[in-house]
Amino acid sequence: MTMLSKLFLLFLTIGCTAQPRPVVTPASPAAVTRTGTGFKVDASHIEAITPGRTQKIQAALQLFERVMNDSLFQADLRRVKFYFDVPNDPLRKLSDQQVVDRLYAAEEFYQKGKDSTASPHWIIKQRSKSGYGIGYADQDEVEFYTFSWVIDEGDLAGIAGIAAHEWSHKLGFQHGFGEDPRERESVTYAFGDLVKKHAKRLQD
Ligand SMILES: [Zn+2]
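Here the structure is a predicted model, which is why all the values come from computation and not from measurement. (Residues numbered from 1 in each chain as written. Predicted model: local features only at pLDDT ≥ 70, side-chain atom pairs only at ≥ 80, totals over all residues.)

Below, the discussion takes up the overall build of the protein chain. A tally of helices and strands in the protein chain yields eight helices and six strands. Order of helices (α) and strands (β) in the protein chain, N terminus to C terminus: α-α-β-β-α-α-α-β-β-β-β-α-α-α. Counting over 204 residues, the protein chain shows a buried share of 29%. Looking at the protein chain alone, contacts between residues at least 24 apart form 67% of all its contacts between residues at least 6 apart. (Helix = DSSP H or I, 4+ residues; strand = E, 2+ residues; numbered from the N terminus. Buried ≥ 20, exposed ≤ 12 C-beta atoms within 10 Å, placed from the backbone. Contact = placed C-beta atoms within 7 Å.)

Okay, the sheet that holds strand β5 (residues 135-137) next. A sheet is described by the order of its strands in space; here four strands give the open sequence β2-β4-β6-β5, paired in mixed fashion. The open sheet has two edge strands with one neighbour each: β2 (46-47) and β5. Across three bridges, the pairing between β5 and strand β6 (residues 143-147) is antiparallel. Looking across to β6, one finds that G135 is bridged to T146. (Pairing = 2+ DSSP bridges.)

Bringing the environment of L94 into the picture now. Position of L94 relative to the elements: it lies in the loop between α4 (71-77) and α5 (96-105). You can call L94 partly exposed: it has 19 C-beta atoms within 10 Å. When the C-alpha atoms of L94 and F82 are compared, they prove to be 9.4 Å apart, with twelve residues separating the residues in sequence. The residues touching L94, leaving out its near neighbours within four places in the chain, are V99 and R102.

So, on to the pairing of strand β4 (residues 121-125). Going residue by residue along β4, you find W122 and I124 tucked away on one face and H121, I123 and K125 left uncovered on the opposite face. Sheet analysis places β4 next to β6, joined by five bridges and oriented parallel. Counted as the bridge partner of W122 is F144 from β6.

Going residue by residue along β6, you find F144 and T146 tucked away on one face and E143, Y145 and F147 left uncovered on the opposite face. In this antiparallel pair of consecutive strands, β5 and β6, the connection spans five residues.

Here we take up the packing of helix α7 (residues 156-169) against helix α8 (residues 187-203). Interhelical geometry of α7 versus α8 gives an angle of 150° and a closest axis separation of 7 Å. Considering their axes alone, α7 and α8 lie roughly antiparallel with respect to each other. Between α7 and α8 lies a crossing of right-handed hand. Counted together, L156, A157, G158, A160, G161, I162, A164, H165, S168 and H169 of α7 and V187, T188, Y189, F191, G192, D193, V195, K196, A199, K200 and Q203 of α8 form the full contact between these two elements. (Axes fitted to C-alpha atoms, helices over the stretch in contact; angles between N-to-C directions. Parallel < 35°, antiparallel > 145°, perpendicular 65-115°, else oblique. Left-handed = near helix turned anticlockwise from the far one by under 90°.)

With 14 residues, α7 should cover 20 Å at 1.5 Å per step; its first-to-last C-alpha distance of 20 Å lies within 8% of that length. In terms of burial, α7 is largely enclosed, as 13 of its 14 residues are buried. (Expected span 1.5 Å × (residues − 1).)

Function-wise, these values are silent; they only describe arrangement.
Here you go:
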């Protein structure tokens, strides 16, 4: 049962049994989606070759955390219509609301528990820009890998967006590889792009 239906059921139960009472403000959508100001990003699992890169990634992860706790970002995220471009995706039946709940619950496959804490395990590989993309990741592996030139050349907002995208894979979200023109609307891309957009706003 989702958080939303649990709360709703609780409300119904109270509504049926309680004596008339003063009108109270109903729970806002923010309260039931676990969004708010309590989301954390754990920046302790980073291997970035040099202290400078480690610091840059830590700053980007702090920005990611700030975005997740930002009310304008949360409002924007709740308006997104997510698209599942992988035909057999076991998560494709999730509603948009359930997707947001899952992101904020932050339960990675390797770290059980809805702890509202993103724990990315991020490894930077030394590689100069040469057309091999920005890195690689396996959905079933704890770590994800990004090439050093991306960190060296990227701004904090862009790096925060990459973190959001790659980390969301560890919650089970996936995307295809260019077969579907709507791939960019998948949870991983839409979430990463929105984090980047709001990170830019908060940074300026
Ligand atoms: Zn991806």
